[in-house]
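# A look at the structure
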Amino acid sequence: MTHFTANSPHARDIASVLHPQTHARRHLETGPTIMTGAEGIYVRDDSGNAFLDAGAGLWCASLGYSNERLAKVAYEAMRTLGYYQIFRHASHGPAIDLSEKLLSIAPVPMSKVLLQCSGSEANDSAVKLVWYHWHAQGRPEKRKIISRRGSYHGSTCVAISLTAKPEYQAGFGLPFDGFLYTDCPHHYRDARPGETEEQFSQRLADALEALILREGPETVAAFWCDPVQGGAGALPPPRGYFRKIQAVLRKYDVLMVADEVICGFGRTGAMWGCQTYGMEPDMISCAKALSAAMQPISALLVNERIFQSVLRQSDRYGAFIHGYTYAGHPVAAAVALETLRIYEEIGLIDHVKAVEPAFLRELGALRDHPLVGDFTGVGLIGGIELVRDKATKENWPEALGLGARVDRIARRNGLILRIVGNRVAFSPPLIITADEIRELARRLRRTLDEVHAELRAL
Ligand SMILES: Cc1ncc(COP(=O)(O)O)c(C=O)c1O
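Criteria and thresholds
Residues numbered from 1 in each chain as written. Predicted model: local features only at pLDDT ≥ 70, side-chain atom pairs only at ≥ 80, totals over all residues. Heavy atoms only, no water. Helix = DSSP H or I, 4+ residues; strand = E, 2+ residues; numbered from the N terminus. Buried < 20%, exposed > 50% of the residue type's maximum accessible area, 1.4 Å probe, protein only. Contact = heavy atoms within 4.5 Å. Areas by Shrake-Rupley, 256 points an atom, 1.4 Å probe, with all protein chains shown as cover. Lys, Arg positive; Asp, Glu negative; His and termini not counted. Charge placed at Lys NZ, Arg CZ, Asp CG, Glu CD. Salt bridge = Lys/Arg side-chain N within 4 Å of Asp/Glu carboxyl O. Axes fitted to C-alpha atoms, helices over the stretch in contact; angles between N-to-C directions. Left-handed = near helix turned anticlockwise from the far one by under 90°. Nonpolar A, V, L, I, M, F, W, Y, C, P; charged D, E, K, R; others polar. Pairing = 2+ DSSP bridges. Near = heavy atom within 4 Å. Polar contact = N/O pair within 3.5 Å; in protein donor to acceptor, adjacent residues only side chain to side chain. Expected span 1.5 Å × (residues − 1). Patch = residues over 30% accessible without salt bridge, like charges linked within 9 Å, V, L, I, M, F, W, Y side chains within 5 Å. Core = buried A, V, L, I, M, F, W, Y, C linked by side-chain atoms within 4.5 Å.

For the rest of this paragraph, the subject is the overall build of the protein chain. Helices and strands together make up the secondary structure of the protein chain, namely 17 helices and 15 strands. Principal axes of the C-alpha set define a box for the protein chain whose edges measure 70 × 60 × 45 Å. Burial analysis of the protein chain (458 residues in total) assigns 53% to the buried set. Across the protein chain, the fraction of contacts at a sequence separation of at least 24, relative to all contacts at a separation of at least 6, is 71%. Summed over its atoms, the accessible surface of the protein chain is roughly 20,100 Å², and 54% of this surface lies on carbon and sulfur atoms. Looking at the protein chain, you have 51 positive and 51 negative side-chain charges, and the mean spots of the two groups are 2 Å apart.

This model, assessed by the stated rule, comprises 31 salt bridges. Two residues, arginine 79 and glutamate 76, come together in a salt bridge whose shortest N-O distance is 4.0 Å. One end of the pair is arginine 79 and the other is glutamate 76, both in helix H4 (residues 68–81) and three residues apart, which spans about a single turn. Bridged by salt links that share partners, the residues Arg69, Glu338, Arg341 and Glu345 form one connected network.

Turning our attention to the packing of H4 against helix H14 (residues 330–346). Where H4 contacts H14, the two axes come as close as 9 Å, and the packing angle between them is 150°. Classified by chirality, the crossing of H14 by H4 is right-handed. Across the interface between the two elements, Arg69, Leu70, Val73, Ala74, Ala77, Met78 and Leu81 from H4 touch Pro330, Val331, Ala334, Val335, Glu338, Thr339, Arg341, Ile342 and Glu345 from H14. Partitioning the contact of H4 with H14 into residue classes produces 11 nonpolar, one polar and four charged.

The element strand S8 (residues 255–259) is extensively covered by neighbouring structure, given that five of its five residues are classed as buried. Burial along S8 is two-sided: the face carrying Leu255, Val257 and Asp259 and the face carrying Met256 and Ala258 are both buried. Inspection of the sheet shows strand S7 (residues 220–225) paired to S8 by four bridges, in the parallel sense. Following the sheet pairing, phenylalanine 223 is matched in S8 by methionine 256.

Let's shift gears to the site of the ligand. In the vicinity of the ligand lie 13 residues, with Gly119, Ser120, Asp259, Ile262 and Lys288 positioned nearest. Here an oxygen atom of the ligand and a backbone polar atom of glycine 119 are 2.9 Å apart. At 2.8 Å from an oxygen atom of the ligand is found a side-chain nitrogen or oxygen belonging to lysine 288. Considered on its own, the ligand offers 390 Å² of accessible surface; in the complex 83% of this is hidden by protein. No other element matches the three residues that helix H6 (residues 119–136) contributes to the shell around the ligand. Split by residue class, the shell around the ligand holds four nonpolar, six polar and three charged.

In this model, leucine 174 is joined to proline 175 through a cis peptide bond whose omega is 10°. Following the sequence through the fold, proline 175 ends up in the loop between helix H8 (166–169) and strand S6 (179–182). Even without glycine at this site, aspartate 253 takes up a positive phi of about 50°. Residue placement: aspartate 253 occurs in the loop between helix H11 (241–251) and S8. Judged by its relative accessible area of 29%, aspartate 253 is partly exposed.

Our next topic: the sheet that holds strand S11 (residues 372–378). Taken together, the four strands give an open sheet; going across it, the order is S11-S12-S15-S14, and neighbouring strands pair in antiparallel fashion. Looking along the sheet, the strands with just one partner apiece sit at the ends: S11 and strand S14 (418–420). Within this sheet the neighbouring strands show an average axis-to-axis angle of 20°, counted without direction. Pairing analysis gives four bridges linking strand S12 (residues 381–386) to strand S15 (residues 423–426), with the strands arranged antiparallel.

On to H6, then. The first and last C-alpha atoms of H6 sit 25 Å apart over 18 residues, in line with the 26 Å expected at 1.5 Å per residue. Following H6 by one or two positions, glycine 138 adopts a phi angle in the positive range, close to 75°.

Next up on the list: a nonpolar patch on the surface. Side chains of Leu81, Tyr83, Tyr84 and Tyr326 sit close together on the surface and give an oily, nonpolar patch of about 390 Å² of accessible area. You can see tyrosine 84 is positioned in the loop between H4 and helix H5 (93–105). Since its relative accessible area comes to 39%, tyrosine 84 is described here as partly exposed.

Grouped together as the largest cluster of nonpolar side chains are 92 residues, with contacts concentrated most on Leu98, Leu102, Phe265 and Phe426. With residues near it in sequence (within four places) discarded, leucine 98 still touches Leu115, Leu290, Ile297, Ala333, Ala336, Leu337 and Leu340. If you look at the next biggest cluster of nonpolar residues, it comprises 22 residues, including Leu114, Ala126, Val130 and Ile145.

This part takes up the sheet that holds strand S1 (residues 35–39). Within the open sheet, the four strands sit side by side as S1-S2-S3-S13. Their pairing is mixed. Sheet topology places S1 and strand S13 (415–416) at the edges, where each strand pairs with a single neighbour. Examined bridge by bridge, S1 and strand S2 (residues 42–45) share four bridges and lie antiparallel to one another. Across the sheet, residue glutamate 39 finds its bridge partner in S2, namely tyrosine 42. Those strands touched by helix H17 (residues 434–456) are S2, strand S3 (50–53) and S13, and its axis lies near 100° from that of S3.

For a regular strand, side chains alternate in direction, first toward one face of the sheet and then toward the other. Taking burial as the measure, the five residues of strand S4 (residues 112–116) include four buried ones, the bulk of the element. The sheet contact formed by S4 and strand S10 (residues 298–302) spans five bridges and is antiparallel. Looking at the pairing, glutamine 116 lines up with serine 298 of S10.

Attention now goes to the environment of alanine 95. Note that alanine 95 resides in helix H5. Assessed through its relative accessible area of 5%, alanine 95 is described here as buried. Sequence-wise, alanine 95 and glycine 328 are 233 residues apart; in three dimensions their C-alpha atoms are separated by 5.3 Å. If near-sequence neighbours (up to four positions away) are discounted, alanine 95 is found in contact with Ile86, Leu115, Gly328 and Ala333.

This is a description of form; function is not addressed.
Here it is in structure tokens:
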């Protein structure tokens, strides 16, 4: 850190901040990128560089990076009732209004809403409720949880156990026992020669069934899935996938939990990813665009079946002993409610549907690039596959650090990309216009051209 001026924000950051999902040793050398402001979908760093962040921060800044109307709502909420809790029968208007609103827009009938602060907490709570449910049903041995390889469901100990990525678990002694993983539905990578998407989906559903039978259906409690798999690089499911998976889950009475943390609130061109793919989950976790990322808030929607189990457990144990100090925080809930109002007023879903063709066309056009093997997307989410050889789908050797190269050159071109393995994932702010999508694609093509030239020069 000697190369940073003493007491500069960069030196102070290195001296004081432990950054999530950041290479700690490398950070001592590189220091932070410090963001200082935003205009629309562009963020600005402390040197005045403006970046089009193609990932909307962490898949979340649906309305861009500043919003006067939400600021006013937060200010008023802080003046009126800046905090109160919802434990032990306490409540307040924003928590009630938001819960009611979420139930009214839920993709399938839902009974109650459990509010908390992050997507990880929503998933963590959902795991507890899965276990609570099967206990209530007198089946405590029904406890194992299945998620898909490559998925990301958050960073608490349980959410990381759901997260089927060894690199996220290494060094922590995780996952916990009883978390099982099934196939990632990656048709481009894993389909057999000539296998259609429907056939591939059937093979994955059969593999899930085989796993459930191997483990014993009486021990398998729930299946976790995000409609478009964010952790696998914004991967939409192959045709027929969720229909076939759900048939297996129903056959063995395995609960389905839909993680809508990324997909909820318009991302796939419908209010919920569940609607885009015909999913009928027992619980739905959501966060991020719920408050346009302007306040930390998440929600877990539970159906009547789960709620009946909670009731039964309260007869047995008393209170539902679960909750966080900031659950249903009135400022966050007020901002979330206003966010949902804004979505309705600006016709956000219609907007996503209107720009979806431009998104799919402009990014899909990159399939002709020598570095790009494929592009798949839906609504305003999708990803490209980076390959060394389009015919064989061979990857670039890890030692060449392809992801870091793409990231570095993209930033030089005023573009922030989310690179997940060999995929570049896109989830721009939902207010992005068709012109801005074209600008994104222009910057991306320039970036890929420069990366390609650099690789050829090696
Ligand atoms: C699909 C999915 N689930 C859960 C989470 C965790 O959410 P949070 O970071 O708010 O805890 C994320 C975060 O990116 C996510 O992408």
